[in-house]
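# Chains, contacts and geometry: an overview
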Amino acid sequence: MTAGVKYRRVSGDAVEYEVFARKTRVEPLHQVGSVVAPDDDLAAAYARATYDEERWIEMTIVRKDHVISLWSPGES
Amino acid sequence: MSELSGLVLSIADNKQLLGLRYAEWATRAPSLEADIAAAAMGLDDLGHSRVLYGCLEPLGDDPRRADRETDPASLSALPYFDQPWASWAQFVAANAILDTAFTVMIEACVNGSVEVLQHRLRKMLTEERYHFLHGRSWLRSGIEKGPLDEAWREAIEWFGPPDGDTDALHNEGALSMGPAELRARLEERLETQAPGLELNWKTWDPKRRRTRPGAIDERTFGMLRGLEEKRFAPAGTTKA
């Protein structure tokens, strides 16, 4: 999926969510992918359906537009 | 057939058909994510049906008879699943209302007094959380009234009449909720009231938990029985 992609659904704009997960308590959460959805509920359902192939002990989602970027590749 | 075994068989048959109908939309939903969710929810519900069928023997009274091999009307599934869904609205209404109705009944089993159901069905509630989020979100986006009203009607009929089997199972403790509580719980979860419905319990079939006659389509029944495999076998390799 392209960052910042938006499309219209009946209920409003769909936005991109980043999906994070980990398999053991000792490892940190890491990004496993992303989903596009119009609200948090649907994003949670989509993330679980799309990335549930592995035995994660934890999975979280974050709206991409809520992430505050300090710098990007080539900007440091 | 004990009332509890008949109810568990009905949950199993409905979840099997719900899973199949979900899966039929795995390449037809409005987005790739919704396609994947349809496939995943289909797998979940087919898996749940297997667990539920597996509860029948420990319950001590497996109500499945030989006619299930030949008569599609012997299955205890709702009219909503008789034919493949023709619209996304039908998918959403089933996802939001019927799937949640089955979950509410599973809650009543898990919180009831029957040990095998308490233990084996609990994990389903975790998985169903995502079906609920999916259905509720799409429901909020707005769908046609027809499939919604039909799903509500069939859900409330499926819970059973006011003085019927689920009421008796509630009174004896096997279920933590009776028909009135099941309906109230469904409305609470969906944050909405059921539409005004005139229910005719005179035509309600207690075995199939529905008021309308009918059965699943021939192709789906053939696929469930493995008969559809013959269509794909090389010529001359199938037995009559």
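Residues numbered from 1 in each chain as written. Chains lettered and ligands numbered in written order. Predicted model: local features only at pLDDT ≥ 70, side-chain atom pairs only at ≥ 80, totals over all residues.

### Some remarks on the overall build of chain B
Helices and strands together make up the secondary structure of chain B, namely 10 helices and zero strands. The linear arrangement of helices and strands in chain B, starting from the amino end, is α-α-α-α-α-α-α-α-α-α. For 240 residues, the compact-globule formula gives about 18 Å, and the C-alpha radius of gyration of chain B, at 18 Å, lands near that figure. Expressed along its principal axes, the backbone C-alpha trace of chain B runs to roughly 60 × 45 × 35 Å. When each of the 240 residues of chain B is scored for burial, the buried share is 41%. Contacts spanning at least 24 positions in sequence make up 75% of the contacts within chain B whose residues lie at least 6 apart. (Helix = DSSP H or I, 4+ residues; strand = E, 2+ residues; numbered from the N terminus. Rg over C-alpha atoms; globule rule 2.2 N^0.38 Å. Buried ≥ 20, exposed ≤ 12 C-beta atoms within 10 Å, placed from the backbone. Contact = placed C-beta atoms within 7 Å.)

### Description of the packing of helix α1 (residues 3-24) of chain B against helix α3 (residues 88-110) of chain B
For any two helices packed against each other, one specifies the inter-axial angle together with the distance between the axes. Residue and element names in this part refer to chain B. The interhelical angle for the contact between α1 and α3, taken along N-to-C directions, is 150°, at an axis separation of 11 Å. Between α1 and α3, the crossing angle belongs to the class labelled roughly antiparallel. The hand of the α1/α3 crossing is left-handed. In contact with Ile11, Asn14, Lys15, Leu18 and Arg21 of α1, α3 contributes Ala94, Leu98, Asp99, Phe102, Met105 and Ile106. The residue makeup of the contact of α1 with α3, split by class, is seven nonpolar, one polar and three charged. (Axes fitted to C-alpha atoms, helices over the stretch in contact; angles between N-to-C directions. Parallel < 35°, antiparallel > 145°, perpendicular 65-115°, else oblique. Left-handed = near helix turned anticlockwise from the far one by under 90°. Nonpolar A, V, L, I, M, F, W, Y, C, P; charged D, E, K, R; others polar.)

### Section: the sheet that holds strand β4 (residues 30-37) of chain A
Residues and elements named next belong to chain A. The strand order across the open sheet built from three strands is β4-β3-β5, with neighbouring strands paired in antiparallel fashion. Of all the strands in the sheet, just β4 and β5 (58-63) have a single pairing partner and so form its edges. Geometrically, the sheet is characterised by an average inter-axis angle of 25° between neighbouring strands, direction not taken into account. Where strand β3 (residues 15-22) and β4 come together, seven bridges link them in antiparallel fashion. By the bridge assignment for β4, Val19 is matched with Gly33. Its contacts with the sheet put helix α1 (residues 40-51) on β3, β4 and β5, and the angle it makes with β4 is roughly 125°. (Pairing = 2+ DSSP bridges.)

### Quick look at the confidence of the model for chain A
When pLDDT is low, close inspection of the predicted coordinates is not appropriate. Residues and elements named next belong to chain A. Looking at chain A, pLDDT values average 85 and 82% of them are 70 or higher. Here strand β1 (residues 8-9) stands out as the element of chain A with the lowest mean pLDDT, 44, in contrast to β5, whose mean of 97 is the highest. Long-range and interchain partners of residues 1-11, a stretch whose pLDDT sits below 50, account for 21 contacts in this model, where long-range means more than four residues apart. (pLDDT = per-residue confidence, 0-100.)

### Some thoughts on unusual backbone geometry
All names here are of chain B. Phi is positive for Glu191, which is not a glycine, with a value near 55°. Relative to the helices and strands, Glu191 resides in the loop between α8 (179-190) and α9 (218-224). For Arg209, which is not glycine, the phi torsion reads 55° and is therefore positive. Assignment of secondary structure puts Arg209 in the loop between α8 and α9.

### Some words on the interface of chain B and chain A
Interface size is commonly expressed as the accessible surface area that is lost when the partners come together. Between chain B and chain A, the residue contacts involve 12 residues of the former and 16 residues of the latter. Looking at the side of chain B that touches chain A element by element, the count peaks at six residues for helix α5 (residues 122-140) of chain B. Looking at the side of chain B that touches chain A residue by residue, the classes come out as five nonpolar, four polar and three charged.

### Examining α1(B)
Helical geometry: 3.6 residues make up each α-helical turn, so side chains three or four residues apart lie on a common side. The first and last C-alpha atoms of α1(B) sit 32 Å apart over 22 residues, in line with the 32 Å expected at 1.5 Å per residue. When you tally the buried positions in α1(B), you get 16 out of 22 residues, the bulk of the element. (Expected span 1.5 Å × (residues − 1).)

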